[in-house]
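Structural overview
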Amino acid sequence: MNLFEVFENSRQRCPDSLCLVVNEISYSYAEMGKWVDLIASPMKNSNQPFIGVYGHRCFSAYAGILAALKAGKAYVPLNPKFPVSRNQEIIRSAAIDTLVVGANYQAGISELTANLEKLQLIYPENKNNEISNRLSNHSQICADNLTQPIGDNIAPPKDGFAYMLFTSGSTGSPKGIPITHSNVISYLDYLNERYSPSPEDKFSQTFDLTFDLSVHDMFLCWKAGSSLYCIPENILMAPAKFIRSNQLSMWFSVPSLVQVLNRFKMLKKDVFPTLRYSLFCGEPLPATLADRWQEAAPNSIVENIYGPTEATIGITHYTWKKEKQNNKTHNGIVSLGRCFSTQKYAIINEAGKQVKSGNEGELYLSGSQVSSGYWKNPKKTADQFVLSSLEEGKEKIL
């Protein structure tokens, strides 16, 4: 299975179910699929493996991601809030020749595309008469031109990439981490079995698309035929009312967002009764915040997730217990928990030897979720990705 088939299976199974709510507009799986078919069609003209997605919390971004996957390509998210020079560097590094542009970001496209080789620009939400920047050195395809569906899904290459995210290295230069379809499917299969989401579930979408936790939001949701609720930017740091009014059942965010809610006294007891799972990742989770959230969402199972981008979204989990005295913490921070049962880890000391539980060392990860290395950076890959014959752990709490 590839990542697009995760969505396609739900489209076939429950076409009329709610797929996405973004900017107060709802799209069923059938409606989303129809747009994806149209947006994917011009992507057949691309000669490169990666499609750029330039949008933020908008329909074009989500549809563009699915369209790229349907066209047998991988997607690279570009955040319009990032400096132009950084996005240009990413476009050059990934050799992107096709860019999906969100409705609210076409005004700045001239600056972004300046000094870049010819691009195919796709505007799924803008008509021809709404495009103010006519770029003679780039081709521009608007909603008016999207009339021919792509047809059948184009299968990605064997061991092909699903997406590539760029993080800043120690020098500040964007560092590409390509993730394969099999990496993501392994993650989704494990958590789908663990959390058993259903078509009745309503998922939050709090993360920027340049953060790999957004992949969890989108595809664990769409795998189950559930509904994805993109929280608007203007209320993202105070989403309590949004959670209640939309009766969300699956929550995922960084702990600092909870810190804001706590600071403004929005974590009142029993305030989120509809939540059944609450996941936190991306930052250390303070035990005090886990307690406060558990009180606010009494019917929710609270879990701390950990994992570097290189290991595909998350690779360990720890379930917070309502009996506070039974929880494992260190200096007030919730434990990383256990490694996914499908993956492995080892703790290695400075001498390169595996250490016993309780001793200090560096965390080594392996398994079907771990990527093969950094994009066009063999030296960095050789430094960080090592082959080891050490006996790896699976069950110990970290």
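Described below are features of the structure shown in this document. (Residues numbered from 1 in each chain as written. Predicted model: local features only at pLDDT ≥ 70, side-chain atom pairs only at ≥ 80, totals over all residues. Heavy atoms only, no water.)

As for the pairing of strand E3 (residues 50-54)
Our working rule: Using a 1.4 Å probe on the protein chains alone, a residue whose accessible area is under 20% of its type maximum counts as buried, one over 50% counts as exposed, and one in between counts as partly exposed. Going along the chain from the N terminus, every DSSP run of H or I of four or more residues is numbered as a helix, and every run of E of two or more is numbered as a strand. At least two DSSP bridges between two strands are needed for those strands to be called paired. Handedness of a crossover is defined as follows: with both strands directed away from the viewer, a clockwise route from the first strand across the helix to the second makes it right-handed.
Where burial is concerned, most of E3 is hidden: five out of the five residues are buried. Alternating residues of E3 divide into Phe 50, Gly 52 and Tyr 54 and Ile 51 and Val 53, and every residue in both groups is buried. When E3 meets strand E4 (residues 74-78), the two strands line up parallel, connected through five bridges. When the sheet's bridge partners are listed, Ile 51 is paired in E4 with Tyr 75. Taking the sense of rotation as the criterion, the β-α-β connection linking E3, helix H3 (residues 59-70) and E4 turns out right-handed. By the bridge criterion, three bridges tie E3 to strand E5 (residues 98-101) in an arrangement that is parallel. If you follow Tyr 54 over to E5, its bridge partner there is Val 101.

Considering the pattern of salt bridges
Our working rule: Take a side-chain nitrogen of Lys or Arg and a carboxyl oxygen of Asp or Glu: if they are within 4 Å of each other, that pair is a salt bridge.
In total, this model carries eleven salt bridges according to the counting rule given. Where Arg 276 meets Asp 201, a salt bridge forms, and the shortest distance between an N and an O atom there is 2.9 Å. One end of the pair, Arg 276, is in the loop between helix H9 (255-263) and strand E13 (277-280); the other, Asp 201, is in the loop between helix H6 (181-195) and strand E10 (202-205), and 75 residues separate them in sequence. Judged by its relative accessible area of 4%, Asp 201 is buried. Among the salt bridges present, the one from Lys 379 reaches Asp 383, with a minimum N-O distance of 3.3 Å. Pair noted here: Lys 379 and Asp 383 are both in helix H11 (residues 378-384), with a separation of four residues, about one helical turn. By sharing partners, the salt bridges in this structure join Glu 8, Arg 11, Asp 37 and Lys 70 into a single network.

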